[in-house]
Amino acid sequence: MFDGLVIAVQLVLLVAGCVFFALGSLGLFRFPDTLTRIHALTKADNLGLGFIVLALLPLAPSFAAGFKTLLIWVVALAASATSAHLVARAVRGNTSGGPRTEDDDG
Amino acid sequence: MQPAPASPIATFAARAVMLAVVWWMLTVGDPSAWGFGAVVIALVAALSVLLFPPSIHRLRPLGLLQFMAYFLGHSVIAGVDVARRLLTPSLPIKPGEITLSLRLPEGGPRWLLANTLSLMPGTLSVHLEENQLTVHCLDTSDAIEPGVRQAEFQVARAFGITLDPPEGVRA
């Protein structure tokens, strides 16, 4: 009974995780420019990976393995936030630091 | 009343303990990995003290837990918010930027805030110079500043910092 409940919750979390990953990718197509696309990727993938990690936790054979799974999420978050900031800064750098304007030669 | 930075030896010890925990996770508790691990942990902890000297800003356990709870909750809000916008046929976004004066001290606290904001609903840290943080917003018709101030407060509490009253915002 309890096992069945855990598996059901895992299934829901895995599907939710995959849905958010798919939505993050959808953002690449639907959003109009680099910065808004980064919004979609960072936020949706953070949540997607979080759900998948949660779903996998009950399968961890030991405490250390469970923490390792969580560590993967934390490290992926740090990489995601850092790379998002670096890409955003690079995009902004092309427009000489100011907001984008039509007559800006960069 | 500024607290003094911890001594290099205390910082080395604290970071070595943290690295040992990470090593334990990475090797999934394999006892045969500790010989090699001890050498790597000592080297990395020593290098980290050289590269990142002890700071006056230290994370507080209770504040860090509160920050983590805030972060998890807002991660869900952020993901659902982006999903909702993406799935709405009219694509309700209004991108723009605002620049704010941060009240957090430089170093770890400002860095943590900038990275946190990139994962929080509707904000993306673009540029951080001195205490001026430029944030790209997915929807400028939302109230951006209260969200940023809330994140700032959470980061401050994680580091045990008391913030001055807000100075205001310029668009």
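Residues numbered from 1 in each chain as written. Chains lettered and ligands numbered in written order. Predicted model: local features only at pLDDT ≥ 70, side-chain atom pairs only at ≥ 80, totals over all residues. Heavy atoms only, no water.

Spelled out, the test is: UniProt positions are given in the numbering used here, feature names are shortened, and annotations may be inferred rather than shown by experiment.
As annotated in an unreviewed UniProt entry, chain B carries the name Multicomponent Na+:H+ antiporter subunit E and comes from Marinobacter pelagius. Note on chain B: under the UniProt heading Sequence similarities (unreviewed entry), the record states "Belongs to the CPA3 antiporters (TC 2.A.63) subunit E family." Looking at the Subcellular location (unreviewed entry) heading of the UniProt record, one finds this comment for chain B: "Cell membrane".

Chain A goes by Multicomponent Na+:H+ antiporter subunit G in an unreviewed UniProt entry, where it is assigned to Marinobacter pelagius.

Some remarks on the interface of chain B and chain A
Defined as follows: Contact between two residues is taken to exist if any of their heavy atoms lie within 4.5 Å; hydrogens are not considered. Accessible area that two parts lose when put together, with a 1.4 Å probe and added across both, is what the buried area reports. Salt bridge, as applied in this entry: a Lys or Arg side-chain nitrogen positioned within 4 Å of an Asp or Glu carboxyl oxygen. By the criterion applied in these results, polar contacts are pairs of N or O atoms within 3.5 Å in which, for protein atoms, one can donate a hydrogen and the other can accept it, and in which residues neighboring in sequence qualify only through two side-chain atoms. Helix and strand definitions follow DSSP, with helices as H or I runs of at least four residues and strands as E runs of at least two, each counted in order from the N terminus.
Facing 38 residues of chain B, the contacting portion of chain A comprises 33 residues. Summed over both sides, the interface of chain B with chain A buries roughly 3,100 Å², with 74% coming from carbon and sulfur. Here B:E97 makes a salt bridge to A:R92, at a shortest N to O gap of 2.6 Å. Counting every contact that joins chain B to chain A gives 10 residue pairs in polar contact (both at pLDDT 80 or more). Looking at the side of chain B that touches chain A, the elements with two or more residues in it are α1 (8-26), α3 (61-87), α4 (108-119), β2 (123-129) and β3 (132-137) of chain B.

A word on the domain arrangement of chain B
Spelled out, the test is: Source of the domain bounds: an automatic or database domain assignment.
What the domain assignment lists for chain B is domain 1 (8-51) and domain 2 (61-170). Between domain 1 of chain B and domain 2 of chain B, the C-alpha centre-to-centre distance is 32 Å.

Thoughts on the packing of α1(B) against helix α2 (residues 34-51) of chain B
Residues and elements named next belong to chain B. This is how it is decided: A fitted line through C-alpha atoms serves as each axis, taken over the contacting stretch for helices, and the angle formed by two N-to-C directions is quoted from 0 to 180°. Oblique is the label for any angle not covered by the other classes, which are roughly parallel (under 35 degrees), roughly antiparallel (over 145) and roughly perpendicular (65 to 115). Crossings are sorted by hand: turned counterclockwise from the far helix by less than a right angle, the near helix makes the crossing left-handed, and turned clockwise it makes it right-handed. Think of it as three bins: nonpolar holds Ala, Val, Leu, Ile, Met, Phe, Trp, Tyr, Cys and Pro, charged holds Asp, Glu, Lys and Arg, and polar takes everything else, Gly as well.
The interhelical angle for the contact between α1 and α2, taken along N-to-C directions, is 140°, at an axis separation of 9 Å. One finds that α1 runs oblique with respect to α2. Every pair of crossing elements has a handedness; the one defined by α1 and α2 is right-handed. Of the residues in α2, those touching α1 at P8, T11, F12, R15, A16, L19, A20, W23 and W24 are W34, F36, G37, I41, A42, V44, A45, A46, S48 and V49. Of the residues contributing to the contact of α1 with α2, the split by class is 15 nonpolar, three polar and one charged.

Thoughts on the environment of A:V15
To be explicit about the condition: Residue burial is assigned from relative accessible area. The probe radius is 1.4 Å, only protein chains are included, and a residue is buried under 20% of its type maximum, exposed over 50%, and partly exposed in between.
With respect to the secondary-structure elements, A:V15 resides in helix α1 (residues 2-30). For A:V15, a relative accessible area of 49% puts it in the partly exposed group.

Quick word on the UniProt feature "transmembrane region" (unreviewed entry) in chain A
Residue and element names in this part refer to chain A. Here the UniProt feature "transmembrane region" (unreviewed entry) sits at residues 6-26, 47-64 and 70-91. End C-alpha atoms of residues 6-26 are separated by 30 Å, and the span's content is 100% helix alongside 0% strand. Helix makes up 100% of residues 70-91 and strand 0%, and the two end C-alpha atoms of the span are 32 Å apart.

Some thoughts on the side chain of B:D139
Relative to the elements of secondary structure, B:D139 occurs in the loop between β3 and α5 (144-158). Excluding residues within four positions of it along the chain, B:D139 makes contact with B:R85, B:P92, B:K94 and B:I144.

So, α2(B)
All names here are of chain B. Under the convention used in this document: For a helix, the expected span equals 1.5 Å multiplied by the number of residues minus one. It is the directions from the helix axis to the C-beta atoms whose arc is reported.
Taking 1.5 Å of rise per residue, 18 residues should cover 26 Å, and α2 covers 25 Å from first to last C-alpha, within 8% of that figure. Listed as buried for α2 are G37, I41, A45, S48 and V49. Along the long axis of α2, the arc covered by the buried residues comes to 95°, so they all point the same way. Across from the buried face of α2, at angles greater than 90 degrees, the exposed residues are G35, F36, L43, L50 and L51. Among the structural elements, α1 are those in contact with the buried residues of α2.

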